[in-house]
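Read off the chains here:
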Amino acid sequence: MNRFARYALRIASLAVALGLWQLLTSQDIDLWLRFSQFPTVTDVAHTFADRLAGPDYWTDLTDSLTRILTGFLLAAVLGVATGVLVARSRLAEDLLGPVLEVVRPIPAIALVPVAILLFPSNEQGIVFITCTAAFFPVLVSTRHAVRALTPVWEEAVRTMGGGRWRVLGSVVLPGALPGVFGGLSVGIGVSWICVISAEMISGQYGVGYRTWQDYTVVDYPGVFVGMVTIGVLGWLTSTAVELLGRRLTRWLPRTAQGPAARPKAARSGAAPLPAATVGLKDSFRTRPEEARDEHLVRD
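Residues numbered from 1 in each chain as written. Predicted model: local features only at pLDDT ≥ 70, side-chain atom pairs only at ≥ 80, totals over all residues. Heavy atoms only, no water.

Using the criterion set out here, one finds 8 aromatic pairs in the structure. Judged by centre distance (6.3 Å) and plane angle (70°), the rings of Phe-35 and Phe-38 are edge-to-face. Grouping aromatic residues by their ring pairs yields a cluster made of Trp-21, Phe-35, Phe-38 and Phe-224. (Phe/Tyr/Trp six-rings, centres within 6.5 Å; stacked < 30°, edge-to-face > 60°.)

Within the largest apolar cluster, 45 residues are counted, with the highest numbers of intra-cluster contacts made by Ile-129, Leu-184 and Trp-192. The element that contributes the greatest number of residues to this core is helix α8 (residues 164-202), accounting for 13 residues. Ignoring sequence-local partners within four residues, the contact set of Ile-129 consists of Ala-108, Val-112, Ala-115, Cys-194 and Ala-198. (Core = buried A, V, L, I, M, F, W, Y, C linked by side-chain atoms within 4.5 Å. Buried < 20%, exposed > 50% of the residue type's maximum accessible area, 1.4 Å probe, protein only. Helix = DSSP H or I, 4+ residues; strand = E, 2+ residues; numbered from the N terminus. Contact = heavy atoms within 4.5 Å.)

All right, on to the packing of helix α2 (residues 41-53) against helix α3 (residues 55-88) then. Following both chains from N to C, one finds α2 and α3 inclined at 85°, their axes separated by 4 Å at the closest point. Considering their axes alone, α2 and α3 lie roughly perpendicular with respect to each other. Taking contact as the criterion, the partners of Phe-48, Arg-51, Leu-52 and Ala-53 in α2 are, on α3, Pro-55, Tyr-57 and Trp-58. (Axes fitted to C-alpha atoms, helices over the stretch in contact; angles between N-to-C directions. Parallel < 35°, antiparallel > 145°, perpendicular 65-115°, else oblique.)

What follows deals with unusual backbone geometry. Of note in this structure, Asp-28 is not a glycine but carries a positive phi near 55°. Mapped onto the fold, Asp-28 is located in the loop between α1 (3-26) and β1 (30-31). Residue Asp-28 is classed as partly exposed on the basis of its relative accessible area of 48%. Backbone geometry places Val-218, a non-glycine residue, at a positive phi of 60°. Positionally, Val-218 belongs in the loop between α9 (207-216) and α10 (220-248).

This brings us to the packing of helix α7 (residues 151-159) against α8. Think of two packed helices as two axes; the pair is described by the angle between the axes and how far apart they sit. Following both chains from N to C, one finds α7 and α8 inclined at 135°, their axes separated by 10 Å at the closest point. On the basis of their axis angle, the class for α7 and α8 is oblique. By crossing handedness, the relation of α7 to α8 is classed as right-handed. Residues Trp-153, Glu-154, Val-157 and Arg-158 of α7 form the contact with α8, whose participating residues are Arg-164, Arg-166, Val-167 and Val-171. For the contact of α7 with α8, the class distribution of residues is 4 nonpolar, no polar and 4 charged. (Left-handed = near helix turned anticlockwise from the far one by under 90°. Nonpolar A, V, L, I, M, F, W, Y, C, P; charged D, E, K, R; others polar.)

What follows is the structure, encoded as structure tokens:
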């Protein structure tokens, strides 16, 4: 399937989902799930168009993007640095490991009271919650990626006279990049979840704050506008992280997406030999010159 066919299939799947939503809500169908309480696609589209025409929507969008990018960039730097440090140093693992493992299971949204007590403004508290949410996925992925590196590469650099920083820049960081970007991709999604929740609780502007305000005044089309906005923003930022990761890891070998090529038969109509049989057959195939050389070596 070529690229255009895949894009067409994706657009068709989205259109089918929207059409099903419109059908169930416009007909007030209640099959255990109460679709009659949902706004229709057209209601959400009209509300979306009205929001786009006003300045408040773009202010909320700018505030949420500023918070998410600030917290995520801080989490990326701190997570990668801490992950490499813990993976490469036993002392750092003994000092930081217990504290990190105790704090890691705590949901970031549960740190809202801590952020309110620690920081003088709600803006700083929201960035702190966003940073904490993305920090641990990046940390864990980086730590596992660094520990999974083969020691042969490091030994090769040290054999050629490379020091600790040379090993870090030539082996550790490039080799751990796939794992690091896996953690970044997860971290950006978790950041969106937590920044929206933090805006609902302690924010004054932002997509999450506006969505919660729409819910309190029973403006359900506005709630769905906020949900759609969050989904689109999360998809765009996650896609940007993945594209950046692919660009920085172009030197890695890519696995083929198609089925593996089957070995051809020796003659028409004959079944292909198993791989093990082919290897066994080749191992017994010896040239006369090779047999004479082996004989001379044994003698």
